[in-house]
Amino acid sequence: MNTTVALELKNISKRFGTKYANKNVDLTLYRGEILAILGENGSGKTSMVNMIAGIYYPDEGEIFVDGAPAVITSPKDAFQYKIGMIHQHFKLVDVFSASENIVLGVREEGKFKLADIDERVAQIASKYGFQLDPKKKIHEMSVSEKQTVEILKVLYRGADILILDEPTAVLTPQEIEKLFLVLRRMRDDGKSIIIITHKMNEVMSISDRVAVLRRGEHIATVKTAETNEKELTEMMMGEKIDLNIKRTESTNVTDRLVVEHISSKNSDGVTVLDDISFVARSGEILGIAGIAGSGQRELLESIAGLYHLDSGSIVYHDPESGEAENLRDKTPLQITELGVRLSFVPEDRLGMGLVGNMDIVDNMMLRSYKKGNSFFLNRKTPHDLALELIDELNIITPDEYTPVRKLSGGNIQKVLVGREIAAAPSVFMAAYPVRGLDVNASYGIYNLLNKQKEDGVAVIFVGEDLDVLIDLCDRIMVIASGRVTGIVDARSTTKEEIGLLMTQSGEKGVDTNA
Amino acid sequence: MAIIAFLVSAIKFGMVLLFGSTGETITEKAGHLNLGLPGVMCVGTAVGCAAEAFYFELAGGRAYMVYPLAILIPLIATLLGGALMGLIFSFFTVTLHANQNVTGLALTTFGIGISDFIIANVDDYKFTAGAKFFNMHLPFAKSLGWFGELFFSYGIMIYLSIAVAIVVAFVLKKTKVGLHLRAVGENPATADAAGINVTRYRYMATCIGCAIASLGGLVFIMDYLNGNWEYVIDAIGWLCVALVIFTTWKPVFGIFCSIVFGFFYVAAEYIPGIDLAAKELFKMLPYLVTIVVLVFTSIRNKKENQPPASLGLSYFREER
């Protein structure tokens, strides 16, 4: 292997507020190698590569390109150092052709002639074995083709160091195989490639070396040939931390929600839910673990009637009447009336649950406006509920008429969770309910979930922090790429076991060593 | 030869609209839906007419006005007046992040008022004197019969309108500036990431677009109406906004579309035996055609015929 250093990070730190995204990270990238970066959600992988690509600027530390110190303050600067990043979310103009997108913003001498550019793009494409028609419009392309355009965009600008942020997340196994073939060709051409991926088998098959990050710190960089999946998982997960979340014993456990063989494709035709089956029981907290974007959101939305399913059934057992009903044929309103509650907290917590510009009282009313027969709105009941929640959950707000967007993240979360709980659900779903909350606020939410469990509610909790999942839940279902890779007992499992399940692509994974 | 007179009139009126729609197309291609276009055209025209009146005084009467100057002076003044209005629009929507629709409608109201004020302070006969220069056509036009009438009987501005449309189409389609401009209108975040100055492109496109559009009003007053001021320029502005949709944002196709619009708009005048009320109904036809086109393009849903993807949306880098 070549041992010329292409890129070096020395003692790099990056803070967001008081929280370290990266702390004293050292990293070396050689010419002509593929370096995989491995780490849990929030371990600082993306923020680290963003510093290399000029999207963030490090607070401390230095970056060296070809041995000389480099100051990279913008993506443009990065290109000067021949560094190009391929983002997870494509930045492409839909109605433009591949060539038009590739040439966008490039400053070159000479006359602008699209035919010449088409030719040059085709040349680069054939050099590395991409299959792409430069004249094809982006909106007619598959996801994999769009990714090809993004990679060509970077190559067209003459990049020698390529950074790919989870490039395989959106691809089919066959497309992944093709991509890896191309990446190997680029490596053999002397380019250096950094690839972020969560899938262990891909790390093993594509990379020359692996850098492991944990909680923003660089743990180790090892040669792929000299390590194995188990060792990497241990490095990635680290020691278990004792959180002291009290877990009550489940009582009166009955099946509440029986999900059988549900599958779904998204609008791009990519399978997001693949034959998922599980049971949510009353008086239990079912944890869902998985790499972000493995289908958690789609799964919960499909139960709430917001996401269409191609096949499968979701049977709900009514605790009062004892009747079984298939939720798949029901509208969200009908499902809500049955007592299935979704408190979904995406990255933008005001997106789905609350209206930011409305006050707490009006947000309470979003759930109850259909009740009653009067022509005029009944503000009394929601007002009482708002006051009750503010008092019980210690929501910090000037008064109940403050627009919720003015509250802090934790308090917004309490308003949302509180409202859903107040509706006395029989199934309660919470996705990332503690994202962005501090420790105390998080524990407040955990206690609320525990309280629900004691009251005989079937709780489904999608979490990120494995320590929390293990301490809080009764059972943990692990999903990877839209499939269930295991359902484990939280009382006896370990982080390593879950970690391995999370990074497993399973038996459907194609052998990518080709 | 009523049919020839009808066609000539339709083409003349169509070219008035073509200026407006070409200008608005440039603006919209950069992602700005400028509903202030009627106001912009009013102000640009009024400033142009005032400049012509100023030249009238400077020259010392209509007998002393000479050919290129009598057109160039109001032309430049109109361009400047329109560009200034575009600057106001851009300042509000790009720099101050104001809503484009609200800004546009405010600009329309504002522009109509300002133009009325300007014209009230100018003696009509002074700019009317310039109309004959705008009307001036090639001397051999009359000797060629209907052919000459149909193709050579127009003032220079009518030909300029077609030339501008062709040049704009070329720039948008074939040059790098055009590519960047369209990228800004389609996906400003992508353009920004590619190192294109979104703010500058939006300012420039809006100002140039408004300047070109304003010429439509000037030609309407000085050529089509022979220098008689009429308070209908804002109505022409709305027609132009509708015309942009009809052209599906293609300036060269706009040449044909604007003639169709002109055809419908003036048709009533040449159809014998219809009353005033029916005439007004006829003038609605262009809008009807626009609706039909909207329905048609929506049903076919071809990406190339859709408006720029971020039309009407302001872009702030911080918001992702």
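Residues numbered from 1 in each chain as written. Chains lettered and ligands numbered in written order. Predicted model: local features only at pLDDT ≥ 70, side-chain atom pairs only at ≥ 80, totals over all residues. Heavy atoms only, no water.

1. Notes on the overall build of chain B
Secondary structure assignment for chain B yields 15 helices and zero strands. The globule rule puts the C-alpha radius of gyration for 320 residues at 20 Å, and the 20 Å found for chain B is close to it. Within chain B, the proportion of its 320 residues that are buried is 53%. The contacts in chain B between residues at least 6 apart in sequence include a share of 77% that link residues at least 24 apart. (Helix = DSSP H or I, 4+ residues; strand = E, 2+ residues; numbered from the N terminus. Rg over C-alpha atoms; globule rule 2.2 N^0.38 Å. Buried < 20%, exposed > 50% of the residue type's maximum accessible area, 1.4 Å probe, protein only. Contact = heavy atoms within 4.5 Å.)

2. A look at the packing of helix H9 (residues 176-186) of chain B against helix H11 (residues 198-224) of chain B
Residues and elements named next belong to chain B. The interhelical angle for the contact between H9 and H11, taken along N-to-C directions, is 100°, at an axis separation of 10 Å. Looking at the two axes, H9 sits roughly perpendicular to H11. For the pair H9 and H11, contact is made by Val 177, His 180, Leu 181 and Val 184 and by Val 198, Tyr 201, Arg 202 and Ala 205, respectively. Taken together, the residues that form the contact of H9 with H11 break down as six nonpolar, one polar and one charged. (Axes fitted to C-alpha atoms, helices over the stretch in contact; angles between N-to-C directions. Parallel < 35°, antiparallel > 145°, perpendicular 65-115°, else oblique. Nonpolar A, V, L, I, M, F, W, Y, C, P; charged D, E, K, R; others polar.)

3. Details of the sheet that holds strand S12 (residues 271-281) of chain A
Residue and element names in this part refer to chain A. With respect to topology, four strands assemble into an open sheet ordered S12-S11-S14-S15, the strand pairing being antiparallel. The sheet is open, and its two borders are formed by S12 and strand S15 (324-326), each paired with just one other strand. In this sheet, adjacent strand axes meet at a mean angle of 20° when their direction is disregarded. With five bridges joining them, strand S11 (residues 255-265) and strand S14 (residues 311-317) adopt antiparallel strand pairing. What sits directly across from Ser 263, in S14, is Ser 311. Here helix H9 (residues 296-303) sits on the sheet and contacts S11, S12 and S14; the angle it forms with S12, its principal contact strand, is near 60°. (Pairing = 2+ DSSP bridges.)

4. Comments concerning unusual backbone geometry
Here A:Asn24, not a glycine, exhibits a phi torsion of approximately 45°, which is positive. By secondary structure assignment, the location of A:Asn24 is in strand S2 (residues 19-30). Its relative accessible area of 39% is what places A:Asn24 among the partly exposed residues. In this structure, B:His97 takes a positive phi of about 60° despite not being glycine. In this structure, B:His97 sits in the loop between helix H3 (67-95) and helix H4 (100-120).

5. Details of the domain arrangement of chain A
Taken domain by domain, chain A comprises domain 1 (5-237), domain 2 (254-341 + 425-514) and domain 3 (352-423). For domain 1 of chain A versus domain 2 of chain A, the separation of C-alpha centres amounts to 32 Å. (Domains from an automatic or database assignment.)

6. Observations regarding the interface of chain B and chain A
At the interface, 16 residues of chain B touch 18 residues of chain A. Between chain B and chain A we count one salt bridge in total. In this structure, the connection of chain B to chain A is made through four residue pairs in polar contact (both at pLDDT 80 or more). Breaking the side of chain B that touches chain A down by element, the ones donating at least two residues are H9 and helix H10 (188-193) of chain B. Ranked by residues supplied to the side of chain B that touches chain A, first place goes to H9(B) with six residues. Partitioned by chemical class, the residues of the side of chain B that touches chain A number five nonpolar, five polar and six charged. (Salt bridge = Lys/Arg side-chain N within 4 Å of Asp/Glu carboxyl O. Polar contact = N/O pair within 3.5 Å; in protein donor to acceptor, adjacent residues only side chain to side chain.)

7. As for the confidence of the model for chain B
Should pLDDT be low for a region, the predicted coordinates there are not to be read in detail. Of the residues in chain B, 99% reach a pLDDT of 70 or more, and the chain-wide mean stands at 90. Scored as a complex, the prediction yields pTM 0.76 and ipTM 0.83. (pLDDT = per-residue confidence, 0-100.)

8. Brief notes about the pattern of salt bridges
Tallied over the entire structure, the rule returns 31 salt bridges over all chains. One salt bridge connects A:Glu100 with B:Arg182, and the closest N-O pair in it is separated by 3.5 Å. Within this pair, whereas A:Glu100 is found in helix H3 (residues 98-103), its partner B:Arg182 is found in helix H9, the two belonging to separate chains. Looking at A:Glu100, the relative accessible area reads 8%, which means it is buried. The salt bridge involving A:Arg475 is made with A:Glu284; its shortest N-O contact spans 2.9 Å. Highlighted residues: A:Arg475 in strand S19 (residues 475-480) and A:Glu284 in strand S13 (residues 284-289), separated in sequence by 191 residues. Here the residues in one salt-bridge network are A:Glu249, A:Lys453, A:Asp474 and A:Arg491, joined through shared partners.

9. Re H9(A)
Residues and elements named next belong to chain A. For H9, a buried count of seven out of eight residues is recorded, marking the element as mostly surrounded by other parts of the structure. Within H9 the residues assigned to the buried category are Gln 296, Glu 298, Leu 299, Leu 300, Glu 301, Ser 302 and Ile 303. In the segment just after H9, Gly 305 is the residue with positive phi, at about 85°.

10. Overview of the nonpolar core
In a soluble, globular protein the nonpolar side chains are often hidden away together inside. Ranked by size, the top nonpolar core spans 173 residues in total, and within it A:Leu183, A:Met186 and A:Ile476 carry the most contacts. Sorting elements by how many residues they give to this core places helix H1 (residues 2-29) of chain B first, with 12 residues. Not counting chain neighbours up to four residues away, the residues in contact with A:Leu183 comprise A:Ile34, A:Leu164, A:Ile193, A:Ile195 and A:Ile206. In terms of nonpolar packing, the next biggest core, distinct from the first, is built from 30 residues, A:Leu286, A:Ala304, A:Ala458 and A:Ile479 among them. (Core = buried A, V, L, I, M, F, W, Y, C linked by side-chain atoms within 4.5 Å.)

11. As for a nonpolar patch on the surface
Residue and element names in this part refer to chain B. Taken together, the side chains of Leu 138, Phe 140, Leu 144, Trp 146, Phe 147 and Phe 151 define a hydrophobic patch exposed on the protein surface, amounting to about 580 Å² of accessible area. Mapped onto the secondary structure, Leu 144 falls in the loop between helix H6 (131-135) and helix H7 (145-152). For Leu 144, a relative accessible area of 39% corresponds to the partly exposed category. (Patch = residues over 30% accessible without salt bridge, like charges linked within 9 Å, V, L, I, M, F, W, Y side chains within 5 Å. Areas by Shrake-Rupley, 256 points an atom, 1.4 Å probe, with all protein chains shown as cover.)

12. Some thoughts on the pairing of S2(A)
All names here are of chain A. Bridge count between strand S1 (residues 5-16) and S2: eight bridges; the pairing is antiparallel. Its bridge partner being in S2, Glu 8 is matched across the sheet by Thr 28. Count of turn residues in the S1/S2 antiparallel hairpin: two residues, of which Gly 17 carries a positive phi of about 65°.

13. Quick look at the state of the cysteines
Residues and elements named next belong to chain B. Under the counting rule described, the total for this entry stands at zero disulfides over all chains. The thiol of Cys 49 is not disulfide-bonded; the next cysteine sulfur, from Cys 42, is found 11 Å away. Given the relative accessible area of 0%, Cys 49 is considered buried. The thiol sulfur of Cys 240 is not disulfide-bonded, and the nearest other cysteine sulfur, from Cys 42, lies at 11 Å. (Disulfide = S-S within 2.5 Å.)

14. Describing the side chain of A:Arg31
Inspection of the secondary structure puts A:Arg31 in the loop between S2 and strand S3 (34-38). A polar side-chain atom of A:Arg31 sits 2.7 Å from a polar atom in the side chain of A:Asp66.

15. Description of the packing of aromatic side chains
Residue and element names in this part refer to chain B. Scanning all chains against the criterion turns up 18 aromatic pairs over all chains. Aromatic pair Phe 13 and Tyr 224: ring centres 5.3 Å apart, planes at 55°, arrangement tilted. Of this pair, Phe 13 sits in helix H1 while Tyr 224 sits in helix H11, placing them 211 residues apart in sequence. Judged by its relative accessible area of 1%, Phe 13 is buried. (Phe/Tyr/Trp six-rings, centres within 6.5 Å; stacked < 30°, edge-to-face > 60°.)

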